[in-house]
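Chain and residue survey
Residues per chain are reported as follows:
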Amino acid sequence: MERDKFYTVRGYQILSKKEKRLTPAMEDYVEMIYRESLKSSYIRVNVLSELLNVKAPSTTKMLQKLKELGLVEYKKYGIINLTEKGKEMGKFLLERHSIIETFLKNLGVKEELLVQTELIEHNISKDTLERIKLFNKFLSRNPDVVERFKKMK
C-alpha cells in the first residue's frame, strides 16, 4: 500500500501493523502500567485488570506478549515492572494522551472526553501529534484566542 493513496480505516491499520507498532490494547496496558508506576513502586495483575476493566486472564496473556516485546518484567503471580524500553514507551504514551486530551478540552469537548481521547490517540501520527502539541502551546500562550473561539458557539 502506498501512503499517498486513500484507504479504508482497516487499510491504514494494516499499514501500521506492517510498521510493527503496538496494538491499541498493548498501548493501553503500557500506558496504564506507566501511570501507576508514577504513584506506586509496583502493580499486580488484579489491580491492572481492574484499572483497564478487563479480566485477569486477559491481562496475563497481554503481559506475556509485552514481556516478549521487552516492555515488561513479569512472573506469574508476581509484580509487574516496566523495562527501560517500557518506561520510555509508557512516558510517550501518557504524554500523547495528555496532548490529545488538552487539545479536545481547548475545542470545548466535555462529553465523553476520555472516550474521544482514547479513540484518537491510537490513530495519530507522530508528526500530527507534534503539531497538536505546538498548537496547544500556542493556545496556552494566547488565551484570548481560546476565549474568542468559545464565543463562536
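Residues numbered from 1 in each chain as written. Predicted model: local features only at pLDDT ≥ 70, side-chain atom pairs only at ≥ 80, totals over all residues. Heavy atoms only, no water.

**Things to note about the nonpolar core**
The biggest cluster of nonpolar side chains holds 21 residues, and the ones touching the most others in it are Ile33, Leu48, Leu63, Leu66, Val72 and Ile80. Only α2 (24-37), α3 (45-52), α4 (56-68), β2 (72-74), β3 (79-82) and α5 (84-107) provide two or more residues apiece to this core. No other element matches α2, which puts six residues into this core. When near neighbours in sequence (up to four residues on either side) are disregarded, leucine 48 contacts Tyr29, Met32, Ile33, Ile43, Thr59, Leu63 and Ile80. Of all hydrophobic cores here, the second largest spans eight residues; its members include Ile100, Leu104, Leu113 and Ile124. (Core = buried A, V, L, I, M, F, W, Y, C linked by side-chain atoms within 4.5 Å. Buried < 20%, exposed > 50% of the residue type's maximum accessible area, 1.4 Å probe, protein only. Helix = DSSP H or I, 4+ residues; strand = E, 2+ residues; numbered from the N terminus. Contact = heavy atoms within 4.5 Å.)

**Digging into the side chain of glutamate 36**
The residue glutamate 36 is located in helix α2 in this model. On the accessibility criterion, glutamate 36 (14% relative accessible area) is buried. Ignoring sequence-local partners within four residues, the contact set of glutamate 36 consists of Ile43 and Leu51.

**Quick look at α5**
Taking 1.5 Å of rise per residue, 24 residues should cover 34 Å, and α5 covers 35 Å from first to last C-alpha, within 8% of that figure. Those residues of α5 not exposed but buried are Gly86, Gly90, Leu93, Leu94, Arg96, His97, Ile99, Ile100, Phe103, Leu104 and Asn106. Just past α5, the residue glycine 108 takes up positive phi, approximately 95 degrees. (Expected span 1.5 Å × (residues − 1).)

**Side note on the packing of α2 against α5**
Direction vectors running N to C along α2 and α5 enclose 95 degrees, while the axes themselves pass 8 Å from each other. Viewed along their axes, α2 and α5 adopt a mutual orientation that is roughly perpendicular. Between α2 and α5, the contacting residues are Glu27, Val30, Glu31, Tyr34 and Arg35 on the first element and Gly86, Lys87, Met89, Gly90, Lys91, Leu93, Leu94, Arg96 and His97 on the second. Looking at side-chain class alone, the contact of α2 with α5 contains five nonpolar, three polar and six charged residues. (Axes fitted to C-alpha atoms, helices over the stretch in contact; angles between N-to-C directions. Parallel < 35°, antiparallel > 145°, perpendicular 65-115°, else oblique. Nonpolar A, V, L, I, M, F, W, Y, C, P; charged D, E, K, R; others polar.)

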